[in-house]
Amino acid sequence: MAKQAEAERERRARVINAEGEFQASQRLSEAAQNIARNPIALQLRYLQTLAEVATENNSTTVFPVPIDLFRHYFLPPASGDAPSR
């Protein structure tokens, strides 16, 4: 009887774990769809993660910055484009 109760507890634990994994996968799918619709969301999430790392660790954090962010400042304007500075 004890083995049967233990097996039942283990079964319930597996079901609960599987349900949690399923819900997590749904949330990740929804997050991916949001990022696909709003690409800037990925950049904001990246910056939020950097801010969290900076507050948790009392150290210097070096991170790569996509050069695309600075292209506007380094490249000459294309012909016909008015300067926006």
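Owing to the predicted nature of the structure, the values given are computational and were not obtained by experimental measurement.

*Asks:* Which parts of the structure should I look at to understand the overall build of the chain?
*Replies:* Helix and strand content of the chain: 3 helices and 0 strands. Secondary structure elements in the chain, listed N-terminal to C-terminal, are α-α-α. Relative to its 85 residues, the chain shows a buried fraction of 1%. Entry remark: accessible area of the chain is about 8,000 Å², with carbon and sulfur atoms responsible for 59%.

*Asks:* So what exactly am I meant to see when it comes to the pattern of salt bridges here?
*Replies:* Pairs may arise between side chains of opposite charge once their charged atoms sit close together. Applying the stated criterion across every chain, the model contains 5 salt bridges. We note a salt bridge from Arg 14 to Glu 10, for which the minimum N-O separation is 2.8 Å. Placement of the pair is Arg 14 and Glu 10 together in helix H1 (residues 2–37), with a separation of 4 residues, close to one helical turn. By relative accessible area, which is 58% here, Arg 14 ends up exposed. What emerges from the salt-bridge pattern is a single network uniting Glu 8, Arg 11 and Arg 12.

*Asks:* Sorry, what's going on with a nonpolar patch on the surface here?
*Replies:* Side chains of Phe 63, Val 65, Ile 67, Leu 69, Phe 70, Tyr 73, Phe 74 and Leu 75 sit close together on the surface and give an oily, nonpolar patch of about 820 Å² of accessible area. Note on placement: Leu 69 falls in the loop between helix H2 (40–56) and helix H3 (71–74).

*Asks:* Would you mind going over the confidence of the model for the chain with me for this structure?
*Replies:* Reading predicted coordinates in detail is not appropriate for stretches of low pLDDT. On average, residues of the chain score 83 in pLDDT, and 87% of them reach the 70 mark or higher. Here H3 stands out as the least confident element of the chain, with mean pLDDT 72; H1 is the most confident, with 94.

Definitions and limits used
- Residues numbered from 1 in each chain as written.
- Predicted model: local features only at pLDDT ≥ 70, side-chain atom pairs only at ≥ 80, totals over all residues.
- Heavy atoms only, no water.
- Helix = DSSP H or I, 4+ residues; strand = E, 2+ residues; numbered from the N terminus.
- Buried < 20%, exposed > 50% of the residue type's maximum accessible area, 1.4 Å probe, protein only.
- Areas by Shrake-Rupley, 256 points an atom, 1.4 Å probe, with all protein chains shown as cover.
- Salt bridge = Lys/Arg side-chain N within 4 Å of Asp/Glu carboxyl O.
- Patch = residues over 30% accessible without salt bridge, like charges linked within 9 Å, V, L, I, M, F, W, Y side chains within 5 Å.
- pLDDT = per-residue confidence, 0-100.

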